[in-house]
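Here's the letter readout for the chains.
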Amino acid sequence: MAKKKINKIGVLTSGGDAPGMNAAIRAVVKTAWHQGLEVYGITRGYNGMIENDIFKFQPGGVSNIIQRGGTILKTARSKEFQTPEGRKKAYENLKKHVIEGLVVIGGDGSFRGAQTFAKEFDIPCVGVPGTIDKDMAGTDSTIGFDTAVNTAVTAIDKIRDTMEAHDRLFVVEVMGRDAGYIAIDSGVSTGAESILIPERKADLPKMINNLTQLGRKNKFVNLIVVTEGDEYGGAEGIKNYIKLSIPSADVKMCILGHIQRGGAPTATDRLLATRLGYHAVQCLIKGTHNVMVGVVKDEMCFTPLDLAVKAQRTISEEWLQIAETLA
Ligand code: F6P
């Protein structure tokens, strides 16, 4: 059966914002216009679909946004969209605007919603991976990851200056929820002595042993980067563990938090977002529906949404080995 021609599409951002989402929105809108489609912006993720907070993009509507952090469409994690009633309302609103295809920019939670929605209703969806956590299979990186790592690196370098000046021990917590990619990349880039990630059980007694052996004149100078979702409870948990084991250690901690989500996207994130946004629209037009667009080894990769949300991305053994060797 021939695929139905799509004339109007909607775009939304959902879940935690990520630097580069605006560049992706811009690419979606401009590509769609270039192909003669109308584009509708849906605000606050799926909530905007449910509440009919939907507007038609006008010329100039995506000007001057490629360099901006956050998302002009705003974002949310919608509880109501997880219910059949919520999704029905959302569908009815899309029908009112005659929107025939959807680009969803977000992380795995957002794609789970898109997958269920596309199964229930005749609205094809294409996912664009936008999350600082990089925890998605089917793509080598996600929009926002590179910027978040660079933000963390800039902050950790500064912490190291004051840490060295005072001969202190510092525990720095980075985001990533239960994925250690930001920790590995920012930790290796800043020469962290220990990198603790949820995917690997940390050997804390060994870490303490190393610290005491290296301690000069009772000074324990060390930089530890830990993921927020680490089993020991992030920076606070690690700090407490060290204090209990070496009461004389001068330990400080710093939680980098949401600064990792803000700021102007790096060129790498702008390019990734632009490429993914462009291909998302091509997918809707060509009938490659209900997939997540990604880039693997610099080639475009289209992963069915149900696989993208199921498959777990694995931490590179090579980088774990390098991190351990250089610690
Ligand atoms: O998924 C992106 C992310 O920034 C995670 O790294 C973090 O755990 C979470 O979102 C924080 O979410 P919120 O902004 O709702 O606190």
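Residues numbered from 1 in each chain as written. Predicted model: local features only at pLDDT ≥ 70, side-chain atom pairs only at ≥ 80, totals over all residues. Heavy atoms only, no water.

(A) Region of interest: unusual backbone geometry. Even without a glycine there, the phi angle at Arg 44 is positive, about 55°. Position of Arg 44 among the secondary structure elements: in the loop between strand S2 (38-42) and helix H2 (46-50). Not every positive phi belongs to a glycine, and Asn 52 is a case in point at roughly 60°. By the element assignment, Asn 52 lies in the loop between H2 and strand S3 (54-56). (Helix = DSSP H or I, 4+ residues; strand = E, 2+ residues; numbered from the N terminus.)

(B) Up close: the site of the ligand. Taken together, Arg 77, Ile 132, Asp 133, Met 175, Gly 176, Arg 177, Glu 228, His 258 and Arg 261 are the residues near the ligand. One of the side-chain nitrogen or oxygen atoms of Asp 133 is found 2.7 Å away from an oxygen atom of the ligand. Protein contact buries 76% of the 400 Å² of open area that the ligand shows by itself. When its residues are assigned to classes, the shell around the ligand shows two nonpolar, two polar and five charged. Two domains share the shell around the ligand, each providing at least three of its residues, namely domain 1 (8-144 + 265-310) and domain 2 (147-261). (Near = heavy atom within 4 Å. Polar contact = N/O pair within 3.5 Å; in protein donor to acceptor, adjacent residues only side chain to side chain. Areas by Shrake-Rupley, 256 points an atom, 1.4 Å probe, with all protein chains shown as cover. Nonpolar A, V, L, I, M, F, W, Y, C, P; charged D, E, K, R; others polar. Domains from an automatic or database assignment.)

(C) A look at the sheet that holds strand S10 (residues 291-296). Overall, mixed pairing links the seven strands, which are arranged S3-S2-S1-S4-S5-S10-S11 in an open sheet. Across the chains shown, the open sheet's two edge strands, defined by having one partner strand only, are S3 and strand S11 (299-304). When strand polarity is set aside, the average angle formed by the axes of neighbouring strands in this sheet is 25°. (Pairing = 2+ DSSP bridges. Axes fitted to C-alpha atoms, helices over the stretch in contact; angles between N-to-C directions.)

(D) Region of interest: the pattern of salt bridges. Applying the stated criterion across every chain, the model contains 16 salt bridges. Lys 201 is paired through a salt bridge with Glu 231; the nearest N and O atoms lie 3.4 Å apart. With Lys 201 in the loop between strand S7 (194-196) and helix H7 (204-214) and Glu 231 in the loop between strand S8 (222-227) and helix H8 (234-245), this pair connects stretches of sequence that are 30 residues apart. Each of Lys 8, Glu 38 and Lys 56 takes part in a single network of salt bridges with overlapping partners. (Salt bridge = Lys/Arg side-chain N within 4 Å of Asp/Glu carboxyl O.)

(E) Up close: the domain arrangement of the chain. Along its sequence, the chain is carved into domain 1 (8-144 + 265-310) and domain 2 (147-261). Domain 1 and domain 2 are separated by 35 Å when their C-alpha centres are compared. Taken together, the contact pairs 12 residues of domain 1 with 11 residues of domain 2. The contact between domain 1 and domain 2 buries some 1,000 Å² in all, and 50% of this surface belongs to carbon and sulfur atoms. Contact with domain 2 buries surface across domain 1, with Ile 132, Asp 133 and Lys 134 losing the most and accounting together for 46% of the total. Scanning the region where domain 1 abuts domain 2 turns up one salt bridge. For Arg 261, the salt bridge is made with Asp 17, and the minimal N-O distance between the two is 2.8 Å. On inspection of domain 1 and its partner domain 2, the count reaches five residue pairs in polar contact (both at pLDDT 80 or more). Along the lines of polarity and charge, the residues of the side of domain 1 that touches domain 2 split into three nonpolar, three polar and six charged. (Contact = heavy atoms within 4.5 Å. Buried area = accessible area lost by both parts, 1.4 Å probe.)

(F) Representation of the environment of Ser 110 within the structure. With respect to the secondary-structure elements, Ser 110 resides in helix H4 (residues 108-120). For Ser 110, a relative accessible area of 4% corresponds to the buried category. A C-alpha to C-alpha distance of 9.9 Å links Ser 110 and Val 128, two positions 18 residues apart in sequence. Sequence-distant contacts of Ser 110, defined by excluding residues within four places in its chain, comprise Ser 14, Gly 15, Tyr 46 and Val 104. A polar contact is formed between the side chain of Ser 110 and the side chain of Ser 14, at a distance of 2.9 Å. (Buried < 20%, exposed > 50% of the residue type's maximum accessible area, 1.4 Å probe, protein only.)

(G) Region of interest: the packing of helix H1 (residues 21-34) against helix H9 (residues 267-286). At a minimum axis separation of 7 Å, H1 and H9 run at an interaxial angle of 35°. Relative to H9, the crossing made by H1 is right-handed. The residues of H9 that touch H1, namely those facing Ala 23, Ala 24, Ala 27, Val 28, Thr 31 and Ala 32, are Arg 270, Ala 273, Thr 274, Gly 277, Tyr 278, Val 281 and Gln 282. Grouping the constituent residues of the contact of H1 with H9 by class yields eight nonpolar, four polar and one charged. (Left-handed = near helix turned anticlockwise from the far one by under 90°.)

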